[in-house]
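# Examination of the molecular architecture
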Amino acid sequence: MKLFYAPGACSLGIHLLLEEIGRPYEAEVLNLREGAQFKPEFTAINMKSKVPTLVRGDGSVLTEYPAIAYYLAATNPEAKLLPADPAMAAKALEFTDFAVATMHMQGFSRMFRPANFAPSEADHEAVKARGREIYEKGLAVMDKALDGRDYLCGDFSIADSALFYVCFWWVARMGQALPANVAAHYARMLARPAVARTMATEGLA
Amino acid sequence: MKFLYSPGACSLGIHVILEEIGKPFEGQRFSTRDGGTYKPDFVAMNPKSKVPTLVRDDGSVLTEFQTIAFWLARAHPEAKLIPDDLDGQTRVLEMLDYICGTIHPQGFTRQFRPANFARDEADQPRVVAQGKEMAEKYLALLAANWTGSEWLLPSGYSVADSALFFIEHWCSRVGITPPARIAEHHNAMLARPAVQRALANEAA
């Protein structure tokens, strides 16, 4: 199994799940700043030019964060990355989808790449502000979900890996503060040995 | 089970799934156009103000298209809307994520709501054009990498097809002619009684 990742990108969440599982895997850095994701060597693997990309043992390729996370959890039941109860497992997927498709792709994408949203530079500050608003509304939803809980579904699950990377961007890249329950969750995540190893490998610690 | 939807929105795909399952459900209509999803009775059920939203029989609320589709398919194995094996299920999820996380919000939202992207009205035609270009690129990628035959995935008809259906339904609205493979899929979907029932419910 081989993970293509970019240090500090959303692939960080999948990287830490692989560390939680603790089985051997290969990891290869894709330099997004140099456009490695658009080069033919990589588009032959993932035509969508995105990380995370997982090449499985049989050579088949899996893309999309929630699909990769679900697959890793389901194939490694001993790692307990998904609640056993189907209704709770659905909640874990729901939180994962919300962190990835809304907080990241609607919130941060506006803050990091406003030019992808508005053609005029004069609008970019407004786009960033809207991204911030979407992200902060997401944080409020997550903060409420964490009320009285250590992890989003009670025990650690794939949902926590997704919340972790969108919090990492907010704290480490933007220097912002998290609401109380999410801040406690972030600290709890950083204290997990698998997370600490991932951060060190990606040069983020 | 209560299903909160807006006519013609992406919730149409979940509507199709519920009709495929064929068990009774209570549909509740909220129009995203007149801000219905921001009204207190909706926010009380889903603070994210999004359709589709599903209120399950035990009162718990499920949101996010991919999650609702995946849960409905797994909770109703007799409807055969998802393969039994993990690998087939993972491929369904991957496809749902691409359709609901990229094709819809990146390609189509730019065309439907350019003001959410560019504040200056003069820029909005460019946002719409960019969205159309992105949507066409995504659909071309999907058609060129089609692994199924009549349906999207080699494992057969699944909830991924109902997600592609709401995208196909939108193509004519924004003047996109989908690649032939996708137009054929759209026709195959329109021939399904469950799809016809969902469309009729939403038009009524």
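Residues numbered from 1 in each chain as written. Chains lettered and ligands numbered in written order. Predicted model: local features only at pLDDT ≥ 70, side-chain atom pairs only at ≥ 80, totals over all residues.

### Focus on the overall build of chain B
- When its secondary structure is counted, chain B shows eight helices and four strands.
- Tracing chain B from N to C terminus, the helices and strands come up as β-α-β-α-β-β-α-α-α-α-α-α.
- Over its C-alpha trace chain B gives a radius of gyration of 17 Å, about what one expects of a compact globule, namely 17 Å for 204 residues.
- With respect to the principal axes defined by its C-alpha atoms, chain B has extents near 50 × 45 × 30 Å.
- Buried residues in chain B amount to 45% of all 204 residues.
- Intrachain contacts of chain B at a sequence separation of at least 6 include 62% that bridge at least 24 residues. (Helix = DSSP H or I, 4+ residues; strand = E, 2+ residues; numbered from the N terminus. Rg over C-alpha atoms; globule rule 2.2 N^0.38 Å. Buried ≥ 20, exposed ≤ 12 C-beta atoms within 10 Å, placed from the backbone. Contact = placed C-beta atoms within 7 Å.)

### Some remarks on the interface of chain B and chain A
- Each partner contributes residues to the interface: chain B has 29 residues there, and chain A has 29 residues.
- Put simply, the parts of the chain that give the side of chain B that touches chain A at least two residues each are β4 (61-63), α3 (65-75), α4 (86-112) and α5 (124-144) of chain B.
- Among the residues forming the side of chain B that touches chain A, the class breakdown is 13 nonpolar, seven polar and nine charged. (Nonpolar A, V, L, I, M, F, W, Y, C, P; charged D, E, K, R; others polar.)

### A look at α4 of chain B
- In α4 of chain B, a bend of some 45° at H104 of chain B exceeds every other bend along the element, and P105 of chain B, a proline, comes one to four places later.
- In terms of burial, α4 of chain B is a largely internal element, 19 of the 27 residues being buried. (Bend = angle between axes of the 7 residues up to and from the residue.)

### What about the pairing of strand β2 (residues 26-29) of chain A?
Residues and elements named next belong to chain A.
- Across four bridges, strand β1 (residues 2-5) lies against β2 in parallel orientation. Among the inter-strand pairings, F4 is bridged to a residue of β2, identified as E28.
- For the segment spanning β1, helix α1 (residues 11-21) and β2, crossover handedness is right-handed. (Pairing = 2+ DSSP bridges. Right-handed = clockwise from strand over helix to strand, strands pointing away.)

### Focus on the packing of helix α1 (residues 11-21) of chain B against helix α6 (residues 159-171) of chain B
Residues and elements named next belong to chain B.
- The N-to-C vectors of α1 and α6 enclose an angle of 135°; their axes lie 8 Å apart at closest approach. When the axes of α1 and α6 are compared, the pair comes out oblique. Note on packing geometry: the crossing formed by α1 with α6 is right-handed. Contacts from L12, G13, V16 and I17 of α1 reach α6 at V159, S162, A163, F165, F166 and H169.
- In terms of residue class, the contact of α1 with α6 is made up of seven nonpolar, three polar and no charged. (Axes fitted to C-alpha atoms, helices over the stretch in contact; angles between N-to-C directions. Parallel < 35°, antiparallel > 145°, perpendicular 65-115°, else oblique. Left-handed = near helix turned anticlockwise from the far one by under 90°.)

### Side note on the nonpolar core
- In terms of nonpolar packing, the biggest core is built from 107 residues, with A69, L96, V159 and A163 of chain B touching the most fellow members.
- What L96 of chain B contacts, discounting residues up to four positions off in sequence, is Q66, A69, F70, V159, A160 and A163 of chain B.
- Of all hydrophobic cores here, the second largest spans six residues; its members include A118 and V127 of chain A together with A118 and V127 of chain B. (Core = buried A, V, L, I, M, F, W, Y, C linked by C-beta atoms within 7 Å.)

### A few points about the domain arrangement of chain B
All names here are of chain B.
- For chain B, the assigned domains are domain 1 (2-80 + 199-203) and domain 2 (86-192).
- Between the C-alpha centres of domain 1 and domain 2 the distance comes to 19 Å.
- Contacts between the two partners involve ten residues from domain 1 and, on the opposite side, eleven residues from domain 2.
- Of all the elements in the fold, those that place two or more residues in the side of domain 1 that touches domain 2 are α1 and α3.
- Per-element accounting of the side of domain 1 that touches domain 2 gives the leading share, five residues, to α3.
- Its residues assigned to classes, the side of domain 1 that touches domain 2 shows eight nonpolar, two polar and no charged. (Domains from an automatic or database assignment.)

### Quick notes on the domain arrangement of chain A
All names here are of chain A.
- Domain annotation of chain A identifies domain 1 (2-80) and domain 2 (86-192).
- Elements represented by at least two residues in the side of domain 1 that touches domain 2 include exactly α1 and α3 (65-75).
- Of all the elements, α3 adds the most residues to the side of domain 1 that touches domain 2, at five residues.
- Classifying every residue of the side of domain 1 that touches domain 2 gives nine nonpolar, one polar and one charged.

### Quick notes on the packing of α1 of chain A against α3 of chain A
All names here are of chain A.
- Where α1 meets α3, the axes come as close as 10 Å, and the angle between the chain directions of the two elements is 5°. The orientation of α1 with respect to α3, classified from their angle, is roughly parallel. Contacts between α1 and α3 involve G13, I14, L17, L18 and I21 from the former and Y65, I68, A69 and L72 from the latter.

### Observations concerning unusual backbone geometry
- In this structure, P52 of chain A follows V51 of chain A across a cis peptide bond, with omega equal to -5°.
- Within the element layout of this structure, P52 of chain A appears in the loop between α2 (40-43) and β3 (53-55).
- The amide bond that connects V51 of chain B to the next residue, P52 of chain B, takes the cis arrangement and shows omega of -5°.
- Positionally, P52 of chain B belongs in the loop between α2 (40-43) and β3 (53-55).
- Backbone geometry places S49 of chain B, a non-glycine residue, at a positive phi of 55°.
- With respect to the secondary-structure elements, S49 of chain B resides in the loop between α2 and β3.
- Overall, the presence of 18 C-beta atoms within 10 Å leaves S49 of chain B in the partly exposed class.

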